[in-house]
Amino acid sequence: MDLETLEHIARQLDPDAPQRASLASYVMEYAERHWSGVEGALAFVQQSHPGAGLAEHAFREEGRPISEVLSILEREVDTPGAHGGSGRHFAFIPPSTQIAGALGDYLAASTNKYAGYFFAGPGAVRMENLLLHWMARELGFPQGTHGNLPAGGSLAHIIGICAAREAAGFKAADTPKICVYLSDQAHHCIAKALRVAGLGEARLRVIASDDHFRMRMDRLQAAIQQDVAAGNRPWLLAPTAGTTNSGAVDPLEECAHIAARYGLWMHTDGAYGAFFALCEEGKQRLVGQHQSDSLVADPHKGLFCPFGIGAVLVKHLDPLRRAHAYAADYLPTPPDDLNELSPTESTLEFSKHARALRLWLPLMLFGVSPFRAALEEKLRLAQYAWEKLQSLKGFDPVAAPQLSVMAFRLLPPSGDPDAFQQDLLANLYREGRVFLSSTRLGDRLCLRLAVLALRTHREHVDEAIDCLARAYKQAITN
Ligand SMILES: *Cc1c(COP(=O)(O)O)cnc(C)c1O
């Protein structure tokens, strides 16, 4: 093929203005159907072989019309499974969709500003830093706190843990003596982050939790003292500010005291819960959080962003940079102004898109106060849900909401309670009106109800209670 022909074909990747307008109008219309359909849509769609039809549409040498492509997307991807933005999504940690976050992503991808390195994308880098400094201020962290906006909480944990590792200055031979303390309710991604950070051999001290699923401080102290006496090296204390299982908040203030007394780095997992501190009510429940050396928080949970944005705040810039910063011949010298630290100096990513836009845009357009109100609303709704659950037949409380997650069972008149919870869930999934999930607390299989979707309001909680009552009736007559 001659160059001209190649150019002619290659230019298909770069449509002209009328073609762009046409494509965009299809996509915007499709998205608008999502927004206007959210209220009526099922929260969960159960299918056999969900999404399997995707593979039947192999990539061809020639493209397809957008209408056909969007109908494949709708059928195979956007229909089956959990709804991404339903107010009746109460499972796991519920996700949210919101127009400004989505448009922020659209803008970030359209202009494609580089957010990795100050020299190439100064504005995009400043935007990320601005958001991190805003979070630090809101959550009570001191000036000079830095961090990063990676793709999610799990990656944020790796960043924080690598910084803590650098601060301790371990030698290879130390590893088997290093001790990490977390509760039996901690998220698995902390152990995973340790392994990825090369500390898989460190001793994980899994501290028992109390009746409210909070880390027991007496057990923590005893474990640390035992390790000191045995010549081990207590290093990291990783409490959770809102567990995934039941929303429990470890005693953060006491954790901070203990961390200070024994010289531990306090690395707090607030992936789900940290941003509740944006409202007064939540702040009171998260006392001590700001004393952490590093904190993980997830804007794609607590700030209602689309999936793909986590945050880590780190009080100590030096070890954060030691863990991540590199110089290379093909890069300009980093600027001296560490206030505008380039994100590449505090994460694994290099070619980084301006994901900050998905948070910056909603904050700019709507202001902070709707976020505070939404978070306080979710805390109140959780209390409301807990009260309403009491009226259900067979209600067995397991974990009252400390933030906005609760766990409970509906006990059958007779028979195996665990199997009965499975039946209840199967009934709920078949109907799909509301989406709940389960967990194991102690030796009991429990239902979990988590309130954090942006669109969850009182009527949706009411509907969840109605659905549970209906599922119960079905389960006892089966
Ligand atoms: C969601 C969650 C994580 C993991 O964060 P991702 O953003 O899913 O990677 C860690 N800890 C807790 C408590 C969580 O709820």
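Colleague: For the pattern of salt bridges, give the residues involved together with the corresponding values.
Modeller: In total, this model carries 27 salt bridges according to the counting rule given. A salt bridge links D174 to R233; the shortest N-O distance between them is 3.4 Å. With D174 in the loop between α6 (153-168) and β4 (178-183) and R233 in strand β6 (residues 233-237), this residue pair connects regions lying 59 residues apart in the sequence. Between R355 and E349 there is a salt bridge, and its shortest N-O distance comes to 3.0 Å. Each of the salt bridges in this network shares a partner with another, and the network as a whole consists of D396, R409, D418 and R440.

Colleague: Describe in detail the site of the ligand, supporting the description with residues and values.
Modeller: As a structural note, the neighbourhood of the ligand is formed by 14 residues, with G153, S154, D269, D298 and K301 the closest of them. In this structure, D269 approaches the ligand through a side-chain N or O atom, which is 2.7 Å from a nitrogen atom. One nitrogen or oxygen atom from the side chain of K301 is found 2.9 Å from an oxygen atom belonging to the ligand. Taken by itself the ligand offers 380 Å² of open surface, and the protein chains cover 86% of this. Secondary-structure elements contributing two or more residues to the shell around the ligand are α6 and α11 (299-302). Each residue belonging to the shell around the ligand can be placed in one class, and the counts come to four nonpolar, seven polar and three charged.

Colleague: Please provide a residue-by-residue account of unusual backbone geometry, values included.
Modeller: If a residue is not glycine, its phi is most likely negative; likewise, a peptide bond is most likely trans. Notably, F92 is not glycine yet its phi reads approximately 45°, a positive angle. Inspection of the secondary structure assignment puts F92 in the loop between β2 (81-82) and α4 (99-111). Within the chain, N112 stands out as a residue other than glycine whose phi angle is a positive 55°. On the secondary structure map, N112 appears in the loop between α4 and α5 (122-138).

Colleague: Could you give an account of the layout of surface pockets, naming the residues involved and the relevant values?
Modeller: The calculated volume of the largest pocket comes to roughly 970 Å³. What lines the largest pocket is a set of 35 residues, and nearest its centre among them are Y30, A31, H34, D78 and T97. Of all the secondary structure elements, the ones that give two or more residues to the lining of the largest pocket are α2 (17-37), α3 (66-78), β2 and α4. For the lining of the largest pocket, the element with the highest residue contribution is α2, accounting for eight residues. Here the residues of the lining of the largest pocket are counted per class, giving 21 nonpolar, ten polar and four charged.

Colleague: Mind laying out the sheet that holds strand β3 (residues 146-148), listing which residues take part and the relevant values?
Modeller: Pairing within the open sheet is mixed, and its seven strands lie in the order β3-β9-β8-β7-β6-β4-β5. In this open sheet, the two strands that pair with only one neighbour each are β3 and β5 (203-207). Direction aside, the axes of adjacent strands within the sheet are offset by 25° on average. Of the pairings in the sheet, the one linking β3 to strand β9 (residues 311-314) comprises three bridges and is antiparallel in character. Within β9, the position partnered with H146 by the bridge is V314. Sheet strands in contact with α6 are β3, β6, β7 (265-270), β8 (294-297) and β9, and its direction is about 175° off that of β7. In this fold helix α9 (residues 252-262) packs onto β6 and β7, with an angle of close to 160° to the strand it touches most, β7.

Colleague: Tell me about the packing of aromatic side chains, and please be specific about residues and values.
Modeller: Enumeration according to the criterion identifies eleven aromatic pairs in this entry. A ring pair is formed by Y272 and F276, whose centres lie 5.8 Å apart and whose planes are at 75°; its orientation type is edge-to-face. Summarising the burial analysis for this pair, Y272 and F276 share the class buried. Taken together, the ring pairs connect F44, F92, Y429 and F435 into an aromatic cluster.

Colleague: So, the side chain of H89: which residues are in play, and what are the values?
Modeller: Structurally, the position occupied by H89 is in the loop between β2 and α4. Separated by 3.3 Å, the side chain of H89 and the backbone nitrogen of A91 make a polar contact. Sequence-distant contacts of H89, that is, excluding residues within four places in its chain, are made with A43, A82, H83, P94, P95, F435, A450, A453 and T456.

Reading guide: rules and limits
Residues numbered from 1 in each chain as written. Predicted model: local features only at pLDDT ≥ 70, side-chain atom pairs only at ≥ 80, totals over all residues. Heavy atoms only, no water. Salt bridge = Lys/Arg side-chain N within 4 Å of Asp/Glu carboxyl O. Helix = DSSP H or I, 4+ residues; strand = E, 2+ residues; numbered from the N terminus. Near = heavy atom within 4 Å. Polar contact = N/O pair within 3.5 Å; in protein donor to acceptor, adjacent residues only side chain to side chain. Areas by Shrake-Rupley, 256 points an atom, 1.4 Å probe, with all protein chains shown as cover. Nonpolar A, V, L, I, M, F, W, Y, C, P; charged D, E, K, R; others polar. 1 Å grid on protein atoms, 1.4 Å probe; cavity = no way out; pocket = protein on both sides within 12 Å on 5 of 7 lines; lining within 4 Å. Points joined across faces, edges and corners; volume = space filled by probe spheres on them. Pairing = 2+ DSSP bridges. Axes fitted to C-alpha atoms, helices over the stretch in contact; angles between N-to-C directions. Contact = heavy atoms within 4.5 Å. Phe/Tyr/Trp six-rings, centres within 6.5 Å; stacked < 30°, edge-to-face > 60°. Buried < 20%, exposed > 50% of the residue type's maximum accessible area, 1.4 Å probe, protein only.

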